[in-house]
Amino acid sequence: MPLASWHPPRRADPVAPIPWPITLPDGNPMTDTSPITVPKRTEPQRTEPQAGSTTATPADGRGSTAARDRLVITVLLVSTFIVILNETIMGVALPRLMDDLDITASAAQWLTSAFLLTMAVVIPITGYLLQRFNTRPVFITAMSLFSLGTLVAAIAPGFAVLLIARVIQASGTAIMFPLLLTTVLTLVEPAARGRMMGNISIVISVAPAIGPTISGLILSVFDWRWMFILVLPIALAALGLGARLLQNITTPVRKPIDVLSVILSAIGFGGLVFGLSTIAESGDEASIPGWVPLAIGVAALALFVLRQLTLQKRDAALLDLRTFTSRNFSLAVVLMAISMMALFGTIILLPIYMQTVLGLDTLGAGLLLLPGGLLMGLLAPIVGRIYDRSGPTVLLIVGSTIVSAVFWALTMVTENTPTGLLLAAHITLSLGLALLFTPLFSAGLGSVRPKLYSHGSAIVGTVQQLAGAIGTALFVAVMAAVSLGMEMDGASEVVATAAGVRAAFLCGAIISLFAIPVAFMVRRPPEFADAPATMPGGH
């Protein structure tokens, strides 16, 4: 419409008329009658994530989406807690299984070793799986495998079927923890990750710690099959709820899997865990010396690393090691490894000491460890809030110092140490570990670029397994060697075992000293431009 013929519409309230033509400052009238071009209204474009990225896509209805995200993460937390609980639930059940299934101690130990071995083989592959496939089918597959393994274990007629069931269980367990970490990193903005990582710390620290207690309680009333019967409905409920609520939060990237990397990974990580487990659990009874699979594992792992360094140049690595270009991530992984060695070494060593030296039964030993596990669970969200407000450094310094102090105190245990002092030591150790795990997860993984979240999560899961195996092997091997030497010198089993436990804790105390200077160097992670900003609050 020509501008000269346009007049403003009539309004109900009187307004001053607009004079026309308008006289410009230079004294000339504005007489341009060219039509006005009104720009078309455009709808805001929805930004899709790049292929292979783990950055979440913002959605309309932010409030409802945030509530849904929290519910999804809660389902993943519960699911991961259940599957990780099964890592340590079998330990105190082995004597009962030996009687019921008529198997030897070395055969029964395979129910735990096979679980850890499968975890070590599968976890390094999860970095690729979480980039290659959507989130929802990965979750359904993981929980279906775990539920199937639990069902088979509950109805297993003998040892062979039970062993297969444990392998199936471990296949699902290995996927869940990296999936949980990747989902949290994708959905939760950096400012609120500390609170959410506090909840993850409950899973990673409390579940293994209370596993023996729960197992002891169940076995005091029921037979060993009830360890699986009671877990199965919870696992199926988590599977159903997650299948209904979980949505895909990543865009898969279609790339072929490197078969050679899978083989080297299986031999390398599997060989390490198997060798360490053999050293820790079989001793002189092993048909193959522990150092043989250990040496094979180290060699295969070196070839695996070289292979990944070559493949990652074209974004084709099975486990992308560019995560270690972040100094903060590398330092956090080192400190995490020391913390996991302390946790798993203590979980295996204290029950041996309490039962063999102090004369407690299985249930009593498990109950003595329960308060420490519960304390870690209660403190984890609080530590997360402190991290969000103050950063990781102070928490890590205090936590690593407490852990080291407790280990040095435990080097003085004897066959006459009161159980009250041991309980106090374990509670204090749990306090120190609670101050470590949440800042380490938050600062370490938060320092990884979003496109490498899945690989960072897989590396953390792998380090957890290897450090746990190393801690268990080291503590038990030192204890066994010193105890054997004492018995050969004429000491009783109780005195010899106490001496072995002291020596094992001395090794742990020396290692714990290295964690303190590392704690001073971990900083709050930087914020990346492509980091998610989707869920504003923690759970």
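Residues numbered from 1 in each chain as written. Predicted model: local features only at pLDDT ≥ 70, side-chain atom pairs only at ≥ 80, totals over all residues. Heavy atoms only, no water.

J.: Give me the pattern of salt bridges: which residues, what numbers.
T.: Taken as a whole and assessed by the stated rule, the structure comprises three salt bridges. When the shortest N-O distance is used, the salt bridge between aspartate 258 and arginine 307 registers 2.6 Å. On the criterion of sequence distance, the pair formed by aspartate 258 in the loop between α9 (231-245) and α10 (259-282) and arginine 307 in helix α11 (residues 291-311) is long-range, its members being 49 residues apart. The structure contains a network of salt bridges with shared partners spanning Asp315, Asp320 and Arg322. (Salt bridge = Lys/Arg side-chain N within 4 Å of Asp/Glu carboxyl O. Helix = DSSP H or I, 4+ residues; strand = E, 2+ residues; numbered from the N terminus.)

J.: Account for the packing of helix α5 (residues 135-154) against α9, with residues named and values stated.
T.: Running from N to C, α5 and α9 cross one another at 165 degrees; their axes reach a closest spacing of 9 Å. Comparing their axes, α9 and α5 come out roughly antiparallel. In the crossing of α5 with α9, the sense of the turn from one axis to the other is left-handed. Here Arg136, Phe139, Ile140, Met143, Ser144, Phe146, Ser147, Thr150 and Leu151 of α5 come into contact with α9, specifically with Val231, Leu232, Ala235, Leu236, Ala238, Leu239, Gly242 and Ala243. Residues belonging to the contact of α5 with α9 are distributed by class as follows: 12 nonpolar, four polar and one charged. (Axes fitted to C-alpha atoms, helices over the stretch in contact; angles between N-to-C directions. Parallel < 35°, antiparallel > 145°, perpendicular 65-115°, else oblique. Left-handed = near helix turned anticlockwise from the far one by under 90°. Contact = heavy atoms within 4.5 Å. Nonpolar A, V, L, I, M, F, W, Y, C, P; charged D, E, K, R; others polar.)

J.: An account of the side chain of serine 339 is needed here, citing residue identities and associated values.
T.: Among the structural elements, serine 339 can be located in helix α12 (residues 327-356). In this structure serine 339 comes out as buried when scored by relative accessible area, which is 3%. In this structure the side chain of serine 339 is engaged in a polar contact, spanning 2.9 Å, whose partner is the backbone oxygen of leucine 335. Setting aside chain neighbours within four positions, we find serine 339 in contact with Leu433, Leu436, Phe437 and Leu440. (Buried < 20%, exposed > 50% of the residue type's maximum accessible area, 1.4 Å probe, protein only. Polar contact = N/O pair within 3.5 Å; in protein donor to acceptor, adjacent residues only side chain to side chain.)

J.: Give me empty space enclosed by the protein: which residues, what numbers.
T.: Within the structure shown, the criterion is met by six cavities of 30 Å³ or more. What the largest cavity holds in volume is close to 100 Å³. Along its surface, the largest cavity is lined by 14 residues, and Ile338, Ser339, Ala342, Val403 and Ser512 are the ones closest to its centre. Counting only elements with at least two residues in the lining of the largest cavity, the list comes to α12, α14 (393-410) and α17 (493-513). When residues in the lining of the largest cavity are grouped by element, the largest group, five residues, is from α12. Of the residues in the lining of the largest cavity, the class split is 10 nonpolar, four polar and no charged. (1 Å grid on protein atoms, 1.4 Å probe; cavity = no way out; pocket = protein on both sides within 12 Å on 5 of 7 lines; lining within 4 Å. Points joined across faces, edges and corners; volume = space filled by probe spheres on them.)

J.: Hey, could you go over helix α6 (residues 159-187) for me, with residue numbers and the actual values?
T.: Spacing of three or four residues puts side chains on the same side of an α-helix, whose turn is 3.6 residues. Compared with an ideal rise of 1.5 Å per residue, which puts 29 residues at 42 Å, α6 spans 42 Å between its outermost C-alpha atoms and is within 8% of the ideal. With 22 of 29 residues buried, α6 is to be regarded as a mostly interior element. (Expected span 1.5 Å × (residues − 1).)

J.: Before we move on, could you go through unusual backbone geometry and cite the residues and values that matter?
T.: Here the phi dihedral of aspartate 102 falls at roughly 55 degrees; this positive angle occurs in a residue that is not glycine. Of note, aspartate 102 is situated in the loop between α2 (94-101) and α3 (105-122).

J.: Residue-level account of the packing of aromatic side chains, with values.
T.: Here the structure, examined in full by the defined rule, presents eight aromatic pairs. Aromatic side chains tryptophan 224 and phenylalanine 228 sit 6.4 Å apart centroid to centroid with 85 degrees between the ring planes, which places their arrangement in the edge-to-face category. In terms of burial, tryptophan 224 and phenylalanine 228 fall into one category: buried. Aromatic ring contacts, followed pair by pair, group Phe407, Phe475 and Phe505 into a single cluster. The positively charged end of arginine 132 is found above the aromatic ring belonging to phenylalanine 133, 5.0 Å away from the centroid. The ring of tyrosine 387 is capped by arginine 524, whose NZ or CZ atom sits 5.7 Å from the centre of that ring. (Phe/Tyr/Trp six-rings, centres within 6.5 Å; stacked < 30°, edge-to-face > 60°. Lys NZ or Arg CZ within 6 Å of the ring centre and 35° of its normal.)

J.: Which residues make up the environment of isoleucine 82, and what are the values?
T.: Summarising the element assignment, isoleucine 82 is placed in helix α1 (residues 62-88). C-alpha of isoleucine 82 to C-alpha of isoleucine 234: the two residues are 152 residues apart in sequence and 8.1 Å apart in space. Leaving out residues up to four positions away in the same chain, isoleucine 82 has contacts with Phe146, Val231, Ile234 and Ala235.

J.: So, the confidence of the model for the protein chain: which residues are in play, and what are the values?
T.: Summing up the model confidence of the protein chain, the mean pLDDT is 79 and the portion of residues at 70 or higher is 83%. Across the protein chain, element-level confidence peaks in α14 with a mean pLDDT of 93 and bottoms out in strand β1 (residues 22-23) with 49. Within the model, the stretch residues 1-18 combines pLDDT values under 50 with 12 contacts to residues more than four positions away or in other chains. pLDDT under 50 marks residues 36-64. Its contacts with residues more than four places away, or in other chains, come to 38 contacts. (pLDDT = per-residue confidence, 0-100.)

J.: Any chance you could break down α17 for me, citing the residues and the numbers?
T.: With 21 residues, α17 extends 31 Å between its outermost C-alpha atoms, agreeing within 8% with the 30 Å of an ideal straight helix rising 1.5 Å per residue. Among the residues of α17, Ala496, Thr497, Ala498, Ala499, Gly500, Val501, Ala504, Phe505, Gly508, Ala509 and Ser512 are the ones counted as buried. Considering only its buried residues, α17 is in contact with α12, α14, α16 (453-488) and α18 (515-519).

J.: Tell me about the nonpolar core, residues and numbers included.
T.: Counting 126 residues, the largest nonpolar core has Met143, Ile200 and Phe441 as its most contacted members. With 17 residues, α12 is the single largest residue contributor to this core. Setting aside chain neighbours within four positions, we find methionine 143 in contact with Ser79, Val83, Met176, Ala235, Ala238 and Leu239. Of all hydrophobic cores here, the second largest spans 21 residues; its members include Leu97, Leu111, Ile218 and Phe228. (Core = buried A, V, L, I, M, F, W, Y, C linked by side-chain atoms within 4.5 Å.)

J.: How would you explain the side chain of serine 147 if you had to name every residue and give the values?
T.: Looking at the secondary structure, you find serine 147 in helix α5. Setting aside anything within four residues of it in sequence, one finds serine 147 in contact with Leu232, Ala235, Leu236 and Leu239.

J.: Please give an account of a nonpolar patch on the surface that cites residues and values.
T.: Taken together, the side chains of Val221, Phe222, Trp226, Ile229 and Leu230 make up a nonpolar region of the molecular surface, amounting to roughly 420 Å² of accessible area. Assignment of secondary structure puts tryptophan 226 in helix α8 (residues 226-229). Residue tryptophan 226 is classed as partly exposed on the basis of its relative accessible area, which comes to 32%. (Patch = residues over 30% accessible without salt bridge, like charges linked within 9 Å, V, L, I, M, F, W, Y side chains within 5 Å. Areas by Shrake-Rupley, 256 points an atom, 1.4 Å probe, with all protein chains shown as cover.)

J.: Which residues make up the environment of phenylalanine 344, and what are the values?
T.: Summarising the element assignment, phenylalanine 344 is placed in helix α12. C-alpha of phenylalanine 344 to C-alpha of alanine 469: the two residues are 125 residues apart in sequence and 7.8 Å apart in space. Setting aside residues no more than four positions away along its own chain, phenylalanine 344 makes contact with Pro208, Gln464, Gly468 and Thr472.

J.: Which residues make up the packing of helix α7 (residues 193-219) against helix α13 (residues 362-390), and what values go with them?
T.: Two elements in contact, α7 and α13, have axes separated by 8 Å at closest approach and are oriented at 175 degrees. Taken together, the axis directions place α7 and α13 in an arrangement best described as roughly antiparallel. Here the contact of α7 with α13 is composed, by residue class, of 12 nonpolar, 11 polar and four charged.

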